[in-house]
Amino acid sequence: MSNDDTTLTPKTATKPKLERPKLYKVLLVNDDYTPREFVVLVLKAVFRMSAETSQRVMMTAHKMGTCVVVICTRDIAETKAKEGTELAKEAGFPLLFQTEPEE
Ligand code: TYC
């Protein structure tokens, strides 16, 4: 028998470890000045929400003070929040969207 000193290494499938991106909430903040219809319009335009969902989200913020609009990556959350807030500013309303990290 020959003395074979070849070392055999097990073939392990290396799984690439992909970090899950941290998620952020976009919050709709209530105020006393922005008309309800305008809030609904912004939710539909910026967040592509249906009329029914926009109405429900707007009313939740109106009653509770804030409402989570969407949960997404930081980049998208900040862009959407800025778009919504800017749209309102251009129309002369103080409507505010904020972002915060998810627990
Ligand atoms: N509270 C506003 C009003 O009575 C409507 C409103 C709802 C404004 C939700 C902002 O995030 C908001 N005209």
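Here, the structure is the one placed above.
Summary of the structure given here.

So, about unusual backbone geometry. In this structure, Arg-48 takes a positive phi of about 50° despite not being glycine. Structurally, the position occupied by Arg-48 is in the loop between α1 (36-47) and α2 (51-64).

We now examine the packing of α1 against helix α3 (residues 74-90). Running from amino to carboxyl end, α1 crosses α3 at an angle of 140°, the nearest separation of the two axes being 10 Å. Overall, the two elements α1 and α3 adopt an arrangement that is oblique. Both α1 and α3 take part in a crossing whose hand is right-handed. Listed contacts from α3 to Phe-38, Val-42, Val-46 and Phe-47 of α1 are Lys-80, Glu-83, Gly-84, Leu-87 and Ala-88. Its residues assigned to classes, the contact of α1 with α3 comprises six nonpolar, one polar and two charged.

Moving on: the site of the ligand. All residues adjacent to the ligand are Leu-28, Val-29, Asn-30, Asp-31, Thr-34, Arg-36, Val-39, Met-58, Ala-61, His-62 and Leu-95. At a separation of 2.8 Å, an oxygen atom of the ligand approaches a polar backbone atom of Val-29. Look at the ligand: alone it shows 350 Å² of surface, and the protein chains cover 89% of it. At the level of secondary structure, the elements contributing two or more residues to the shell around the ligand comprise β1 (23-29), α1 and α2. If you tally residues by element for the shell around the ligand, the top one is α2, at three residues. When its residues are assigned to classes, the shell around the ligand shows six nonpolar, three polar and two charged.

Quick look at α3 now. With 17 residues, α3 should reach 24 Å at 1.5 Å per residue; the first-to-last C-alpha distance of 24 Å fits that figure. Where α3 is concerned, the buried positions are Ala-77, Ala-81, Gly-84 and Ala-88. Projected onto a plane normal to the axis of α3, the buried residues spread over an arc of 65° and lie on a single side. Away from its buried face, by an angle of more than 90 degrees, α3 presents the exposed residues Asp-75, Lys-82, Lys-89 and Glu-90. Of the surrounding secondary structure, the elements contacted by the buried residues of α3 are β1, α1, β2 (66-73) and β3 (96-101).

So, how was this worked out
Residues numbered from 1 in each chain as written. Predicted model: local features only at pLDDT ≥ 70, side-chain atom pairs only at ≥ 80, totals over all residues. Heavy atoms only, no water. Helix = DSSP H or I, 4+ residues; strand = E, 2+ residues; numbered from the N terminus. Axes fitted to C-alpha atoms, helices over the stretch in contact; angles between N-to-C directions. Parallel < 35°, antiparallel > 145°, perpendicular 65-115°, else oblique. Left-handed = near helix turned anticlockwise from the far one by under 90°. Contact = heavy atoms within 4.5 Å. Nonpolar A, V, L, I, M, F, W, Y, C, P; charged D, E, K, R; others polar. Near = heavy atom within 4 Å. Polar contact = N/O pair within 3.5 Å; in protein donor to acceptor, adjacent residues only side chain to side chain. Areas by Shrake-Rupley, 256 points an atom, 1.4 Å probe, with all protein chains shown as cover. Expected span 1.5 Å × (residues − 1). Buried < 20%, exposed > 50% of the residue type's maximum accessible area, 1.4 Å probe, protein only. Arc of directions from axis to C-beta.

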